[in-house]
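# Examination of the molecular architecture
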Amino acid sequence: MRVLVIGSGAREHALLLALRRDPEVEELAVAPGNAGTEVIADQYDVDITSGEAVVKLAQRIGSDLVVVGPEVPLVLGVADAVRAAGIACFGPTKDAARIEGSKAFAKDVMAAAGVRTAGSEIVDNPAHLDAALDRFGPPAGQAAWVVKDDGLAAGKGVVVTADRDAARAHAASLLDSGHPVLLESFLDGPEVSLFCVVDGETVVPLLAAQDFKRVGDGDTGPNTGGMGAYAPLPWLPESVTTQIVDQIVKPVAAELVARGSSFSGLLYAGLAITSNGPAVVEFNCRFGDPETQSVLALLESPLGQLLRAAASGELASFGELQWHDGYAVTVVLAAENYPGRPRVGDVIHGSEADGVLHAGTARRDDGAVVSSGGRVLSVVGTGADLPAARDAAYTLIKSIRLPGSHFRTDIGLAAAEGRISV
Ligand code: GLY
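Residues numbered from 1 in each chain as written. Predicted model: local features only at pLDDT ≥ 70, side-chain atom pairs only at ≥ 80, totals over all residues. Heavy atoms only, no water.

Looking at an unreviewed UniProt entry, one finds the protein named Phosphoribosylamine--glycine ligase, with Mycolicibacterium wolinskyi as its source organism. UniProt annotates the protein under Catalytic activity (unreviewed entry) with the comment "5-phospho-beta-D-ribosylamine + glycine + ATP = N(1)-(5-phospho-beta-D-ribosyl)glycinamide + ADP + phosphate + H(+)". Reading the Sequence similarities (unreviewed entry) entry of the UniProt record for the protein gives the comment "Belongs to the GARS family." (UniProt positions renumbered as here; feature names shortened; annotations may be inferred.)

### As for the sheet that holds strand 8 (residues 159-161)
Judged by pairing direction, the sheet is antiparallel, and its four strands sit side by side in the order 6-9-7-8 without closing on themselves. With partners counted over all chains shown, the strands left at the sheet margins are strand 6 (120-123) and strand 8, one partner each. The sheet shows a mean angle of 20° between the axes of neighbouring strands, taken without regard to direction. Alignment of strand 6 against strand 9 (residues 181-184), held across four bridges, turns out to be antiparallel. (Pairing = 2+ DSSP bridges. Helix = DSSP H or I, 4+ residues; strand = E, 2+ residues; numbered from the N terminus. Axes fitted to C-alpha atoms, helices over the stretch in contact; angles between N-to-C directions.)

### Observations concerning the packing of aromatic side chains
Throughout the structure, instances matching the rule amount to five aromatic pairs. Aromatic side chains F90 and F287 sit 6.1 Å apart centroid to centroid with 35° between the ring planes, which places their arrangement in the tilted category. Pair noted here: F90 is in strand 5 (residues 88-90) and F287 is in the loop between strand 17 (277-284) and helix 10 (291-297), with a separation of 197 residues, a long-range link. On the basis of relative accessibility, which here comes to 1%, the residue F90 falls in the buried class. Residue classification places F287 among the buried positions, given a relative accessible area of 2%. Centre to centre, the rings of F212 and Y230 are 6.1 Å apart; their planes meet at 45°, and the pair counts as tilted. Separated by 18 residues along the polypeptide, F212 in the loop between strand 12 (210-211) and strand 13 (214-216) and Y230 in strand 15 (residues 228-231) bring together distant segments of the chain. Look at F212 and you get buried, because its relative accessible area is 10%. Y230 sits in the buried class, given a relative accessible area of 0%. Three or more aromatic residues link up through ring pairs in this structure, and these residues are F90, F195, Y268 and F287. For the cation-ring pair, R98 lies above F105, with the distance from its terminal atom to the ring centre recorded as 4.0 Å. (Phe/Tyr/Trp six-rings, centres within 6.5 Å; stacked < 30°, edge-to-face > 60°. Buried < 20%, exposed > 50% of the residue type's maximum accessible area, 1.4 Å probe, protein only. Lys NZ or Arg CZ within 6 Å of the ring centre and 35° of its normal.)

### A look at the site of the ligand
Around the ligand, the structure places D211, G225, Y268, N284, R286, G288, D289 and E291. Between the ligand and Y268 there is a distance of 3.4 Å, counted from a nitrogen atom to a side-chain nitrogen or oxygen. Measuring from a nitrogen atom of the ligand, one finds a side-chain N or O atom of E291 at 2.7 Å. Against a free-state accessible area of 200 Å², the protein chains account for coverage of 90% of the ligand. Partitioned by chemical class, the residues of the shell around the ligand number one nonpolar, three polar and four charged. (Near = heavy atom within 4 Å. Polar contact = N/O pair within 3.5 Å; in protein donor to acceptor, adjacent residues only side chain to side chain. Areas by Shrake-Rupley, 256 points an atom, 1.4 Å probe, with all protein chains shown as cover. Nonpolar A, V, L, I, M, F, W, Y, C, P; charged D, E, K, R; others polar.)

### Comments concerning the packing of helix 6 (residues 103-113) against helix 9 (residues 238-258)
What describes two packed helices is the angle between their axes and the distance between those same axes. Put simply, helix 6 and helix 9 touch, their axes get as near as 9 Å, and they point 105° apart. Looking at the two axes, helix 6 sits roughly perpendicular to helix 9. Only P251, V252, E255 and L256 of helix 9 make contact with helix 6, whose side of the interface consists of F105, V109, M110, A112 and A113. By residue class, the composition of the contact of helix 6 with helix 9 is eight nonpolar, no polar and one charged. (Parallel < 35°, antiparallel > 145°, perpendicular 65-115°, else oblique. Contact = heavy atoms within 4.5 Å.)

### Some points on the sheet that holds strand 18 (residues 327-334)
Spatially, 12-15-18-22-19 is the arrangement adopted by the five strands of the open sheet, whose pairing is antiparallel. Whereas interior strands pair on both sides, the edge strands pair on one side only; in this sheet they are strand 12 and strand 19 (356-358). Pairing of strand 18 with strand 22 (residues 375-383), which is carried by eight bridges, proceeds in the antiparallel orientation. Bridge assignment links V329 to a residue of strand 22, and that residue is G381. Against the sheet, helix 1 (residues 10-20) makes contact with strand 19 and strand 22, and its axis sits at roughly 120° relative to strand 19, the strand it touches most.

Rendered as structure tokens:
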């Protein structure tokens, strides 16, 4: 099988490494990739938001399967174009990708499917903002205001704050730039990311993971695209995972089928485990980053065959997934000033080691690997238990040198110390 992966992050690096372990995968290509993926796949620089460009590339290199990593090409219909050209594609149609691309659509689907999620209201008129903020914030029994961009914002369109002025300022700036705002009630409880391979009504869950969205230790500072993750979750009972699949993901998949927007690809349920049980924070239409780096490090089943089965309507007969024992911890190394405008162009030392996945990296003409984005690397450690996996990840990240870079030191720490319970 010849597989083309679309994207350039550490998630795509993790996908390529897992695909390479599948004995049926003979050739790997990536577009556009980064300085880490170029050593394991043929790399092509095409416009990945253009269905036509991706199809031309897939035809030229004879891809049997295209795997689309990021949400933007999916929301723009790249998977539709690939399928229309007769090439198997792992990733939902433009129509189904609205589950991530439009929070209003996702709320409507969840309401119809009877799935628990935060109460919400869309505000598209600045004149209605203050009254809506009054309905959603403390003291109405809530810990904070949750203000989201209705569309795609790479995780950074979300502000969760107990400060009304900060909530108002974020909402007003979104409205000023023409983006409708979603106000949500705050869901209390530990967060879970559950990735499910889905084809129509067939749902195959992967290991549950937890990610860390704030930039600083102790969940301080602004939201980011994700600063780290670990899997599996020692504090999450198997029965809760089953409940999430049966009461949340399957009904949503069935509702999408009923609407004629059948989902084929990776359906990512972001949840809070509240005192009343799991409730959805968001759905995404693709693998999450950085959780994928941890989850795929533990996957024993052949990833290429799994994704091909979903893409060709054969997921129901794929069988149960196999996993390695133990845990995986991912820590993101971010550039100076991230999640603001990152410092780029610095030489990175130590990025070639096993377990170091590349994201914002590029190779300079002289061969040096330099930083080229905000989240520069994902470092993955595995171990028999969470403390051992944390040790492995932190030992590795401390061996890397990038001027001005920063990382969180508490990824998986609360779980390792048994401080999370549901
Ligand atoms: N881990 C957050 C995301 O992928 O959106």
